[in-house]
Amino acid sequence: MTEQEIVIYVDGRAIAVRPGTAVAAAMLAHGMPNRISRSGQPRAALCGMGICYECRAAVNGVAHQRTCMLACTPGMEIATQ
Amino acid sequence: MSDIKATRDGTLQTTACDVLVIGAGPAGMCAATEAAASGARVLVIDENAGAGGQIWRETRAGAAHARSARARFGIRRFAASGARLQAQTRVLDAGDGWLTAWDEAAGGSILVRYRAIVLATGARELFLPFPGWTLPGVYGAGGLQALAKSGLPVKGLRVVVAGSGPLLLAVADYLQRAGANLQGVFEQASLRRMLPFTRHVMADPGKLLQGAGYGWSTRRSRLRTGCWPVAAHGAEVLEAVTMTDGKRRWTIACNALACGFHLVPNTELARLLGCDLHTLDAARALQTDPQACVEVDGWGRTTVEGVFCAGEPTGIAGLDAAEAAGTLAGSAAAAYAGFDSTSSTNTAPPVAQRRYARLLKQQERHKTFARALQRAFALRVELRQLCAPETIVCRCEDVTFAELHSLRGSREAKLQTRCGMGPCQGRVCGPATQVLFGWRPGSVRPPLAPAPVSALLAVPEATASR
Amino acid sequence: MKQTSGISDANADVVIVGAGIVGVACARAFALAGLRTLVVEQSIVGGGATAAGMGHIVVMDDSAAQWNLTRYARELWIDLKSQLPAAGEYREIGTLWVAADAEEMGEVERKQQFLADHGVDGTVLCARELHIAEPALRRGLAGALLVPQDAVLYPPAAAEALLCMAEAEGARRVYARAVAASHGQVLLDEGAILHAPVLVLATGTALELLPPGPETAGLVRKRKGHLLITDRYPGLVNHQIVELGYLKSAHASTADSVACNIQPRATGQLLIGSSRQFGDDDETIRPELLTSMMERAIAYMPALAGLSSVRLWTGFRAATRDKLPLIGPAQLPGEDCSLYLATGHEGLGITTSLATAELLVDQVLGRTSAIPREPYLPGRFQANAQQAAYD
C-alpha cells in the first residue's frame, strides 16, 4: 500500500485502493465479482452509471447499494450479496 | 431559498424553487445556468456525486486524463451561476408542481415545489443479450469508460469494443489513451449505412474536429464495420469473444468487452409527468422503438404545460445539441416561471434575441443530425437472433430467453417470470425485449428508483394534487 | 370483424369468462369432471386482482361460513401442492397472528381453542417464543398464534399452472373479450359466439356482462388495496405475519383502514400490505394510505423503514355486502338458467378459489358438497332468497 492508498474490506479481505475510487471499480480491479445472481452466477457492473444494479452489494451493513456510484472510504466494509 | 421542515422522524426536507432541473449533465447545466441568469431560483437534482453527467463524468484520482477544457468550462460556469446542486439524489415521484426525491448522502427525503421543470435526464446504453453477456468482464461501452474514470485500471487490459454508435469510437479513443490493449473496434452497422453519417459529420464544422480526432484513433484501433458479437466465453470471467461479420466467425482472447448498442433516451420521468413521446423516424412504430423520445418544440416545451425537456431524452443528438437545447429550455422555463428578462419575448435585448435565434436555427440542424444518427446506427436484424434458449435476458431476475420468447407482452412476462420486476425496474431488459420481441414498454409508476421505505412515508400531503 | 384469437363459433359444456385464480380453478374442476371447458380471458391470466394479491392461503374463523370455505379450500391446496410447479412458489410457512397486548392475546387463545375444536393445528406463542420465531418483530408484543399449515404462493404463476392443468384435461383458453354472456351464449368482441349450457362469470369486479338493474347494482364493489415489495432480504422474516387487528380492518364496512401484513417471498423479498378503501376506483397510489399502511407495518417491524423498496402497486378486491363470495346460479330476473357467478371473494380469492370451483361444479352436476352452499348463493340478495335455500 502506497501513501496515497486506503484500505477497504470486501467479504473480510483487505484491499488497498486509491481514495475516491468507486467501490465497484475497486472490487473488479482485484478480480472480485460484485454480486452473485439469483441463479448463482458471479456478476459485475455492466453500465457503470447506476442503471443496471448489477454492482449492488451491502456497504457498511446497508444492503443493495450501487457500488459503481459509491466512492471508497477508509475502513469501508463491503459484503457481496 | 430552502425551508427545512422535518416530519415525524426528521428526514424530510421541503424546498421550493422557480425552475427545477433534473440532471446535471451538459443539457441540465446549460438550462440551469440560463435560467439562473434571469434571476430565477434554480435547483438541480442529480444522482451522481457531482455535475457533469455521463459524458463529463468526474475522473477519480489515478484514472486516465482529466476532463476536457470544454467540460471544465461548462462545470465552472454552472458552479458560478447561482443555481443550487442537490447531488446524490434520485427522483422518486413527481406531479404538477411537485417532486419527491431521496437524498442518499443525507439519508432523507426531499420534497421540491417548482414552477417550471426541465428534464435533462440524458440517455443510457442499449444492451442486447447474447450468450455469455452476463460474465464479469463484459461491460457496456460507456460502462467500461465510466468505470475506468471511476478508478478501474485499464492499462494493459486486452479489450474488445463492440456494439454500435459513435460512443464506441469515443470509448476506444479513451481506452487507448489510458493504455489499454485494444483488440479491435467492431460496429454492427455496415459501412454503407454509416457513410451518409460520416458525410454528415464532415458537413458540420463543429463535428469535423471531433470526427478528425476519432478518425485518427480509429485508424490506430482498426475500426471494422458490419461486425457484431455472437458470444462471450469464460468460466468465471470473460476470456474471449467470438465476433462475426455475417459470414465468418473468429474468436479474440480478451479480458474485457466494452459492448453497447447505441443509446436510448431516459424518458421515465417525462412519461410519469404525462409528456407525449414520438419517434424521430416516421417509419418506426412508437411502441417498438427503444429510441422513442419526448416530443418538444424548439424551446423544449413538452406536451405538458410547465414541463420542459432538453438533450438526449428529446432525441439522441450529441453534446452540441444538448447544450443548445438546454440553454433554450432554461430560458423558456424561466420565462414560464415569470422571469423573462432574457427570454425569447420581444422585451429581450436584441443581443439575446439573436443568440436564441441562432440556437433555434441550430436545433433544426441537430434534429436532422439526430435522424441521420438513428438511421446510420439502426440495429440489424441479426442482433435479435443472438440468444440461445438459456441466454439470460432479465439480469436482475435471471429470466432466460426460453422463458420469454413465447409470451405475449411485457406485462405477461412481468407476472409470469418476473422479468422487469427487479431493481433496475426494466431499464436494461425493457429496451432489450422491445428489440427482441417488439414488446411495448410497461407504464411508468413511482417510485422511479428503489428507495428506502422511509423515503416513501414522508410526503403525503404534498402529493394530494395528483 | 377481424378475428384475432382465431376462434370461430364453438360449442362447449361450460364457458368461463375470466382467467383469474377463481376462473382457472373452476376451469380445472370442470375439466376434471369431464366437461368440455372454454376459458375466455381478455388480457392476461391472473392479471387482475390475482396479480395484486398477497397469495396467502389462510384459514379464517371470523364466521362459520368463512371458516367452512377457507378450511375446505386450504385442504384442497394441501392436496394440490405437490402438483404445482416451482414457479408457483407454494411454501407452507404458516401464519403468525400477532397480538400486541393482553386483550389481543385473549383473542389468540380463543382462536387456538377454536382451531383445536375443529381439528386444525395452531400453537400459542408467548412473547419470548414469538421473538425466537420472528426476531425482526419489535420487542414488547404479547405473543402470537402460529397456524403452521397456512401457506403462501405466487398467484399469477399458480393461476397459469391451474389453467395448464385444465388444458391437460382438454380445456381450452381463448384470449378475447366477452361482450355479452346470457342464455347459453357468450359473444366475443371479434364476433364469434360460444355456446354452452353453463356460463360462469369469474370476472372479479367487472360485472358489466350482467344485465343492469337493482339486482346487480352494488352486487360487487371494488375495495382498493395497496402493496409494497422490497428488495431481497433473505432470512429476515420467516412466516406470513398478520396483526390481529387485520380482522377489524377487513370488516370495517366503509372506513378506509390498514393492517400490518408482512410476507416473505421465496426470493427473500418482503411483500407488505394491507389497506382497504371503498369508493376509489383509480389505480393511483394514495400516498396517505400508503404511509398509513407502512407506518403500521413499521410499528410491528421497525427494520422495515430502512429496507429498499422496489415497487408499489394497487389492486381491487371484489367485495360483496356480507363479505362472502358469490358462488352459484346468478338468479337474476330474466330466468337465465345458464348463468353462474364465481366472484366477490374480497381478500380471500386465492385461498378459496379451489373450494369455489368445487362448490360450483357440485351445483352444476347436482353433487352434494363438502360444506353447506347456502351462504354463498348469489340469490341470497334477491327478494326470493328462500328459493335459493332449497337448491
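Computed from a predicted model, the values in this text were never measured in an experiment.

**Student:** Help me understand the overall build of chain B, please; the structure alone is not making it clear to me.
**Tutor:** A count of helices and strands for chain B gives 13 helices and 25 strands. Burial status across chain B gives 62% buried among its 466 residues. Taking as baseline every contact in chain B between residues at least 6 positions apart, the subset at least 24 positions apart corresponds to 68%. Of the roughly 17700 Å² of accessible surface on chain B, a fraction of 53% belongs to carbon and sulfur atoms.

**Student:** Would you explain the interface of chain A and chain B in this entry?
**Tutor:** How big an interface is tends to be stated in terms of accessible area lost as the parts join. Listed as interface residues are 33 residues of chain A and, on the opposing side, 37 residues of chain B. Taking both sides of the interface into account, the surface hidden between chain A and chain B amounts to around 2900 Å²; carbon and sulfur atoms contribute 56%. The interface formed by chain A and chain B includes four salt bridges. The shortest N-O distance in the salt bridge between Glu 54 of chain A and Arg 395 of chain B comes to 2.4 Å. On the surface where chain A and chain B come into contact, there are 12 residue pairs in polar contact (both at pLDDT 80 or more). Only α1 (23–29), β4 (42–43) and β6 (62–66) of chain A provide two or more residues apiece to the side of chain A that touches chain B. Per element, the largest residue contribution to the side of chain A that touches chain B is four residues, and it comes from α1 of chain A. Of the residues belonging to the side of chain A that touches chain B, the class tally is 18 nonpolar, eight polar and seven charged.

**Student:** For this particular structure, what's the right way to read the packing of helix α1 (residues 21–32) of chain C against helix α6 (residues 155–168) of chain C?
**Tutor:** Each packed pair of helices is defined by two parameters, the angle between the axes and the distance between the axes. All names here are of chain C. Where α1 meets α6, the axes come as close as 8 Å, and the angle between the chain directions of the two elements is 20°. The orientation of α1 relative to α6 falls into the category roughly parallel. Like other packed secondary-structure pairs, α1 and α6 cross with a definite hand, here left-handed. Along the contact surface, α1 presents Ile 21, Val 24, Ala 25, Ala 27, Arg 28 and Ala 31, while α6 presents Pro 155, Ala 158, Ala 159, Leu 162, Leu 163, Met 165 and Ala 166. Grouping the constituent residues of the contact of α1 with α6 by class yields 12 nonpolar, no polar and one charged.

**Student:** Honestly, the interface of chain B and chain C in this entry has me stumped. Any pointers?
**Tutor:** The partner chain C presents 36 residues to the 27 residues of chain B that form the contact. Carbon and sulfur atoms make up 53% of the surface buried where chain B meets chain C, a total of about 2600 Å² over both sides. Contact with chain C buries area across many residues of chain B, yet Gln 416, Arg 418 and Val 453 of chain B alone supply 23% of it, more than any other trio. Our enumeration of links across chain B and chain C arrives at two salt bridges. Between the two partners, chain B and chain C, sit 13 residue pairs in polar contact (both at pLDDT 80 or more). Looking at the side of chain B that touches chain C, the elements with two or more residues in it are α11 (410–417), β25 (451–452) and α13 (453–457) of chain B. Sorting elements by how many residues they give to the side of chain B that touches chain C places α11 of chain B first, with five residues. In the side of chain B that touches chain C, the residues fall into 13 nonpolar, five polar and nine charged. In the sheet, β25 of chain B pairs with strand β18 (residues 308–319) of chain C via two bridges, with the strands oriented antiparallel. Residue pairing across strands places Pro 452 of chain B opposite Ser 308 of chain C, the latter belonging to β18 of chain C.

**Student:** Honestly, the pairing of strand β9 (residues 116–119) of chain B in this entry has me stumped. Any pointers?
**Tutor:** Remark: a regular strand shows side chains that alternate across the two faces of the sheet. Residue and element names in this part refer to chain B. Neither face of β9 is open: one carries Ala 116 and Val 118, the other Ile 117 and Leu 119, and all of them are buried. Pairing of strand β3 (residues 19–22) with β9 involves four bridges; the strand directions are parallel. By the bridge assignment for β9, Ile 22 is matched with Leu 119. Sheet topology note: the β9/strand β22 (residues 307–309) ladder contains three bridges and is parallel. Bridging from a neighbouring strand, Val 118 pairs with Phe 308 of β22.

**Student:** Would you mind showing me how to read the sheet that holds strand β15 (residues 228–233) of chain B here?
**Tutor:** Residue and element names in this part refer to chain B. A sheet is described by the order of its strands in space; here three strands give the open sequence β15-β16-β17, paired in antiparallel fashion. Where the open sheet ends on each side, the last strands, each with one partner, are β15 and β17 (249–253). Shown here is a sheet whose adjacent strand axes are inclined to one another by a mean of 25°, direction ignored. Pairing of strand β16 (residues 240–244) with β17 involves five bridges; the strand directions are antiparallel. When the sheet's bridge partners are listed, Met 243 is paired in β17 with Trp 250.

**Student:** It is not clear to me how a positive patch on the surface should be interpreted in this structure. Could you clarify?
**Tutor:** Residues and elements named next belong to chain B. A cluster of like positive charges, contributed by Arg 192, Arg 193, Arg 371 and Arg 375, occupies part of the molecular surface. Counting residues per element, the ones that place at least two in the positive patch are α5 (191–203) and α9 (350–376). Its place among the elements puts Arg 375 in helix α9.

**Student:** Got a minute to help me understand the packing of helix α8 (residues 318–336) of chain B against α9 of chain B in this structure?
**Tutor:** Residue and element names in this part refer to chain B. Running from N to C, α8 and α9 point in directions that differ by 135°, and their axes come no closer than 10 Å. Compared by their axis directions, α8 and α9 come out oblique. The hand of the α8/α9 crossing is left-handed. Contact residues: Asp 320, Ala 321, Ala 324, Ala 325, Thr 327, Leu 328 and Ser 331 in α8; Arg 355, Tyr 356, Leu 359, Leu 360, Gln 362, Gln 363 and His 366 in α9. Classifying every residue of the contact of α8 with α9 by side-chain character gives seven nonpolar, five polar and two charged.

**Student:** Explanation requested: the pattern of salt bridges in the structure shown.
**Tutor:** Two side chains with opposite charge may pair up if their charged atoms get near one another. Enumeration according to the criterion identifies 41 salt bridges over all chains in this entry. Residue Arg 115 of chain B pairs with Asp 18 of chain B through a salt bridge whose shortest N-O separation is 3.7 Å. Taken together, the residues span a long stretch of sequence, with Arg 115 of chain B in the loop between β8 (108–113) and β9 and Asp 18 of chain B in the loop between β2 (12–16) and β3 at a distance of 97 residues. Judged by relative accessible area, Asp 18 of chain B falls into the buried class, the value being 2%. Ionic pairing is found between Asp 173 of chain B and Arg 177 of chain B, a salt bridge with its closest N-O pair at 2.6 Å. In this pair, Asp 173 of chain B and Arg 177 of chain B both sit in helix α4 (residues 166–177), four residues apart, roughly one turn of the helix. Residue Asp 173 of chain B is classed as buried on the basis of its relative accessible area of 10%. A cluster of three or more residues bridged by salt bridges with shared partners is formed by Arg 38 of chain A, Glu 397 and Arg 418 of chain B together with Glu 89, Arg 232 and Arg 265 of chain C.

Rules and cut-offs
Residues numbered from 1 in each chain as written. Chains lettered and ligands numbered in written order. Predicted model: local features only at pLDDT ≥ 70, side-chain atom pairs only at ≥ 80, totals over all residues. Heavy atoms only, no water. Helix = DSSP H or I, 4+ residues; strand = E, 2+ residues; numbered from the N terminus. Buried < 20%, exposed > 50% of the residue type's maximum accessible area, 1.4 Å probe, protein only. Contact = heavy atoms within 4.5 Å. Areas by Shrake-Rupley, 256 points an atom, 1.4 Å probe, with all protein chains shown as cover. Buried area = accessible area lost by both parts, 1.4 Å probe. Salt bridge = Lys/Arg side-chain N within 4 Å of Asp/Glu carboxyl O. Polar contact = N/O pair within 3.5 Å; in protein donor to acceptor, adjacent residues only side chain to side chain. Nonpolar A, V, L, I, M, F, W, Y, C, P; charged D, E, K, R; others polar. Axes fitted to C-alpha atoms, helices over the stretch in contact; angles between N-to-C directions. Parallel < 35°, antiparallel > 145°, perpendicular 65-115°, else oblique. Left-handed = near helix turned anticlockwise from the far one by under 90°. Pairing = 2+ DSSP bridges. Patch = residues over 30% accessible without salt bridge, like charges linked within 9 Å, V, L, I, M, F, W, Y side chains within 5 Å. Lys, Arg positive; Asp, Glu negative; His and termini not counted. Charge placed at Lys NZ, Arg CZ, Asp CG, Glu CD.

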